[in-house]
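# Structural overview
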Amino acid sequence: MRVLVIEDYEPLRRSLARGLSESGFAVDATGDGKEGLWFARDEAYDAVVLDLMLPGMDGLSILRRLRDEGKTCPVLILTARDGVPDRVHGLNAGADDYLVKPFAFEELLARVNALVRRKYEVHANHVCVGGLTIDLNARTASRPDGEVALTATEFGILQLLALQPGRVVSRTEITEHLYGFDGEPNSNAIDVHIAQLRRKLEADGDHPRCIHTRRGMGYILLPPDASESDTRTTACDH
Amino acid sequence: MRSLKHTLIGWVIASVVVLTSAAGAGFYLTARAYLIERFDDDLEERFELLASSIEYEMGELDLGFDELEMDDFGERDGDDEADEDEDEDEDEEDEDEDPLSYLVIATAKGTAYRSPTLGSDGLLPSATTEDPEWLDLPDGRRGRVYTQTFDPQVDFGDTVLEWAEHVLALDVSRHDAVTMSIARDTRELDTALATLRIGLIVGGLGLAAVMSWVVAYGVRRGMRPVDGLARRLARLDASSLDEPIEPGPLPAELRPIVEQYNALLSRVGQAYARERGFSADVAHELRTPLAGLRTTLDVAMAKPRTPEQAAEVFGELGEVTEHMRTLVEALLRLAALEAGTLEDPPGTVRLDEEVRRVWRLVINNGVSHRVFESELTLDADAPIATRPGLLELVLRNILHNAAAYVDEGGTVTIQTTMDDQRVRVVVTNTGSTVSGEDAARVFDRFWRADTSRAGTGRHCGLGLALTRSAVHAMGGTIRAESTAGGSFTLAVTLPRKSQA
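Residues numbered from 1 in each chain as written. Chains lettered and ligands numbered in written order. Predicted model: local features only at pLDDT ≥ 70, side-chain atom pairs only at ≥ 80, totals over all residues. Heavy atoms only, no water.

### Side note on the overall build of chain B
Convention followed: Secondary structure elements follow DSSP: runs of H or I of four or more residues count as helices, runs of E of two or more count as strands, with numbering from the N terminus. Note on exposure labels: buried denotes an accessible area under 20% of the residue type's maximum, exposed denotes more than 50%, and partly exposed covers the range between, all computed with a 1.4 Å probe on protein chains only. Should any heavy atoms of two residues lie within 4.5 Å, those residues are considered in contact. We get accessible surface area from the Shrake-Rupley algorithm with a probe of 1.4 Å; when it comes to residues, only the shown protein chains can shield them.
What chain B contains, in helices and strands, is 9 helices and 15 strands. Buried positions account for 38% of the 500 residues belonging to chain B. At a minimum sequence separation of 6, the contacts of chain B that also span at least 24 residues come to 71%. Carbon and sulfur atoms make up 54% of the accessible area of chain B, which amounts to about 29000 Å² in all.

What follows is the structure, given as structure tokens:
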């Protein structure tokens, strides 16, 4: 999942970027308002963390511009102003959430995760495909016989597929959501990660395949016995 | 406490009482004069009637008023003696009796007639009077008397024979003049006047009472807007600073008060909003580094860290706390400056030396990593009496500002001049991004031309606000100017002799 942080106070920006990337997000960060707008406009971010007082262009203007241009990326406003009018103003300008400084990083993370889930219209904190359960909060994948150990990138790919079950996700899309500007992978890196992921999830053939390749289009997460037309995930067994 | 209402009511009622009394007295005196005149007219008319009935006939005085209605003279059957006997018994009844008249007719030869009402020996004054006059009558009553002397007609008879007889018999010239006094008691008049007096007093009191009530009611009613205004003002508190009182329905007298009040309210409201804005700014400025501190800690503690990572985190935390310290200190200094409680004893310095010293400090502190030229023209070489601490703060801030914002390869120009009254420091740097309109805003608290430098710990957005407060505390002025070419100038003018 990819997050954009627009915050002008450098120590905070640095810590946010570090914390979010350690939590499995691909993070782009900037301290300048105009640059922030430029990023947010061009990239498909899963969430934007936006400070209000910014050099170049203030946060509310950025938000209004994005909404006017029809951009729907979820925006979490981060500000030191805690008055009710300030919150109302921010939410009315098109923000999806509002967090007042100082805050616990845990809470910011939870809110960002919630925004991401909402973006993909998933309301539970886990997704089940066949026998595979993907816990979005704990960032784990498990089979009935136990947890599958995944790297951050592998889980990232699985999460992206799981959030859009039955939808074909292109390679470009995976690249866009998994890497910030700093970490553009080479062209077959995704294929390599997918191969690794399949190997772990299928346990070398002990489990049926759930990540399918649509040649020339991308990848799709499907229950093992699902037909082509049935693109819905099955309910979890509890 | 003096009450406007009571003062008004008091004055109006006092005026009503005085005016009513004056009007009553005036009316009474006019009515009295008129009644007395009518009384006198009657008296004189009666006199004329009686006088015309007196004539000399054959040398004898003939009173001849027997046929006239003369009841009030006591011309009746009853004797004097009988009257005297009953006098005491009738005293009380006298009060209700008809008014009496009195008459005395006298000639040089003696009294010719005395009306029975005068009793046995009562007389009336015999001096002639122009008009009727007051007198006390012999029986104790009060009345008015009219006395005149006149020559009665002479009856010469109806025939020539009688006339001749008459002339032959008597010497016409021997007919004496007659002095006649007529008086009438004024009981009726007095009663009428007494009734009038009572009427006027009772009426006057009643009128005063009614007027007082009307005035009190009117004043209370008229003052109702004042009470209403007082109640509205009592309901106001800090949250209603932006709700002015509508002067529309108020009377004209209260309008200027309310308008003044509204103007004051709006000024207070603005100051209040400014302070509230400042507090919000302070909160903002402190919350942001606090958020940095907390997030850095939260993230650092989420995982086990290597010593190198830990050292990096500590460095970051140190940077944030240094920023917060600078900010808090600047805020405290600003508050102390604005409250005038900053301790700074006066002293004497040479401005050129001081500028050179502070400039060296600023350069050595490594404010800017850029390469730039500096041109110093320092002419103020005489000592000036000032507050050295404040002066240093001002110089440090304006020189620091120039060094921090000058562009790569640009120039900082520092100039000091002096005359008899003032010293002047002008600092200009090239490469400024402050627009002409924003030049005056550089003194606003937390205003930044380039907020991206906020995080360095040195630019808390208070430096120039502090500078301005310090310059004002020293009795000087500071001005900022920005030209299109990107050169930014700060000019400080200070008095040569320290104020205060």
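Structure shown, so let's carry the discussion forward.
### Brief notes about a nonpolar patch on the surface
Note the following rule: For patch building, the residue pool is restricted to those with more than 30% relative accessible area and no salt bridge; the joining distance is 9 Å between like charges and 5 Å between nonpolar side chains (Val, Leu, Ile, Met, Phe, Trp, Tyr). Salt bridge, as used here: a side-chain nitrogen of Lys or Arg that lies within 4 Å of a carboxyl oxygen of Asp or Glu.
Where nonpolar side chains cluster on the molecular surface, the patch consists of B:Val210, B:Trp213, B:Val214 and B:Tyr217 and spans about 440 Å² of accessible area. Locating B:Val214 in the fold gives a position in helix α4 (residues 187-235).

### Some words on helix α1 (residues 4-52) of chain B
Let me state the cut-off plainly: In a helix, the anticipated span is given by 1.5 Å times the number of residues less one. What qualifies as a polar contact is a pair of N or O atoms within 3.5 Å, subject to a donor-acceptor requirement within protein and to the restriction that residues adjacent in sequence count only when both atoms come from side chains.
When the terminal C-alpha atoms of α1(B) are compared, their 72 Å separation across 49 residues agrees well with the 72 Å that a helix rising 1.5 Å per residue should span. Where α1(B) begins, one side-chain oxygen reaches toward the backbone nitrogen of B:Lys5, 3.2 Å away; that side chain belongs to B:Ser3.

### Let's talk about the sheet that holds strand β3 (residues 47-51) of chain A
All names here are of chain A. Put simply, the rule reads: When DSSP finds two or more bridges between a pair of strands, those strands are recorded as paired. Helix axes use the C-alpha atoms of the stretch in contact, all axes being lines fitted to C-alpha atoms, and the angles between their N-to-C directions lie in the range 0 to 180 degrees.
Overall, parallel pairing links the 5 strands, which are arranged β2-β1-β3-β4-β5 in an open sheet. If you trace the sheet from one side to the other, it starts and ends with β2 (26-30) and β5 (97-100), each paired once. Neighbour to neighbour, the strand axes of the sheet diverge by 15° on average, direction disregarded. Pairing analysis gives 4 bridges linking strand β4 (residues 75-79) to β5, with the strands arranged parallel. By the bridge assignment for β5, Leu 78 is matched with Leu 99.

### Some details on the nonpolar core
Formally: As used here, the term nonpolar core means buried Ala, Val, Leu, Ile, Met, Phe, Trp, Tyr and Cys residues forming a set that is joined through side-chain atoms within 4.5 Å.
By size, the foremost hydrophobic cluster in this structure holds 58 residues, and its most contacted members are A:Leu20, A:Phe25, A:Leu108, A:Val112, A:Leu158, A:Ile211 and A:Leu221. Top contributing element to this core by residue count: helix α6 (residues 152-163) of chain A, with 7 residues. Setting aside its immediate chain neighbours within four residues, A:Leu108 contacts A:Leu16, A:Leu20, A:Val49, A:Leu76, A:Leu78, A:Leu99 and A:Phe103. Grouped together as the second largest cluster of nonpolar side chains are 48 residues, B:Phe372, B:Val412, B:Phe443 and B:Leu494 included.

### Comments concerning the pairing of strand β6 (residues 126-129) of chain A
Residues and elements named next belong to chain A. As defined by bridge partners, β6 adjoins strand β7 (residues 132-135) across 4 bridges and the pair is classed as antiparallel. Across the sheet, residue His 126 finds its bridge partner in β7, namely Asp 135. Here β6 hands over to β7 after 2 residues, with Gly 130 in that stretch at a positive phi of 60°.

### Quick look at the sheet that holds strand β2 (residues 60-62) of chain B
All names here are of chain B. Strand order across the open sheet formed by 3 strands is β2-β1-β7, with mixed pairing between neighbours. The strands lining the two open edges of the sheet, one partner per strand, are β2 and β7 (153-155). Neighbouring strand axes in the sheet, compared pairwise and without regard to direction, differ in orientation by 35° on average. Summarising the sheet, strand β1 (residues 55-57) and β7 pair through 3 bridges and their orientation is parallel. Residue pairing for β7: Glu 57 is matched across the bridge by Asp 155.

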